[in-house]
Amino acid sequence: MDFKDVIKNRYSCKRYDSQKQVGDEQLNAILEGGRVAPTAKNLQEQHIYVVQSAEGLAKIDKHTPCRYGAPTVLVVAFDKTNVYTYPTAAGPETDRRQSGIEDAAIVATHLMLSAANEGVDSCWLNCVHIDDLHKDLGLPENEEILMLLDLGFAAEGTQPLSNHFSRKPLEETVSYL
């Protein structure tokens, strides 16, 4: 698929065919897309958890209303102890920006766009009780969950939200200085 079509046509799927699983080849291509995402100083602090088991999906459902029946969920986390702290002239060390959240967001975006390229629907989830989910999944203490990514195939009749293709013109969102 042409990249312009991928970024223009992908949408957040809100209803999945729970009986149609993402194929191994597709899933590996999606995960590879996340693996090659850029990170600050190439620290690659991301960790992706693939959840497909009934037990794992039930744990996710306990902490978000937004799985929408997706048969696969990627939990995107990062190692808080392996991040780059950006140098700054002002403020104490504890106030300086660190790369973990932005790097994990770049990885998550690569996963989402790779899914669209593979013909797999997705939805970026932030409406999640992150701390409780972290505990229920038994993730390491040094990792922080950024988001969840639903993966699957849209249920019959599912379409983008009505406002999906409504975009502000560039002159409202871009300024040249």
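Residues numbered from 1 in each chain as written. Predicted model: local features only at pLDDT ≥ 70, side-chain atom pairs only at ≥ 80, totals over all residues. Heavy atoms only, no water.

1. Points about the overall build of the protein
Phase 1 of the analysis: Counting secondary structure elements, the protein contains six helices and four strands.
Phase 2 of the analysis: Starting at the N terminus, the α and β elements of the protein follow one another as α-α-β-α-β-α-β-α-β-α.
Phase 3 of the analysis: Overall, the C-alpha framework of the protein stretches about 55 × 45 × 30 Å when taken along its three principal axes.
Phase 4 of the analysis: Here the protein holds 177 residues, and 39% of them are scored as buried.
Phase 5 of the analysis: Within the protein, contacts between residues separated by at least 24 positions form 78% of all contacts whose residues are at least 6 apart in sequence.
Phase 6 of the analysis: In the structure as shown, the protein presents an accessible area of about 10600 Å², 50% of it carried by carbon and sulfur atoms.
Phase 7 of the analysis: For the protein, the distance from the average site of its 17 positive side-chain charges to the average site of its 26 negative ones is 4 Å. (Helix = DSSP H or I, 4+ residues; strand = E, 2+ residues; numbered from the N terminus. Buried < 20%, exposed > 50% of the residue type's maximum accessible area, 1.4 Å probe, protein only. Contact = heavy atoms within 4.5 Å. Areas by Shrake-Rupley, 256 points an atom, 1.4 Å probe, with all protein chains shown as cover. Lys, Arg positive; Asp, Glu negative; His and termini not counted. Charge placed at Lys NZ, Arg CZ, Asp CG, Glu CD.)

2. Looking at the environment of A116
Phase 1 of the analysis: Among the structural elements, A116 can be located in helix α4 (residues 100-117).
Phase 2 of the analysis: Take A116: its relative accessible area is 13%, and that puts it in the buried class.
Phase 3 of the analysis: A116 sits 45 residues away from P71 along the chain, and the two C-alpha atoms are 16 Å apart.
Phase 4 of the analysis: In this structure A116 touches M1, V6 and R10, once residues within four positions along its chain are discounted.

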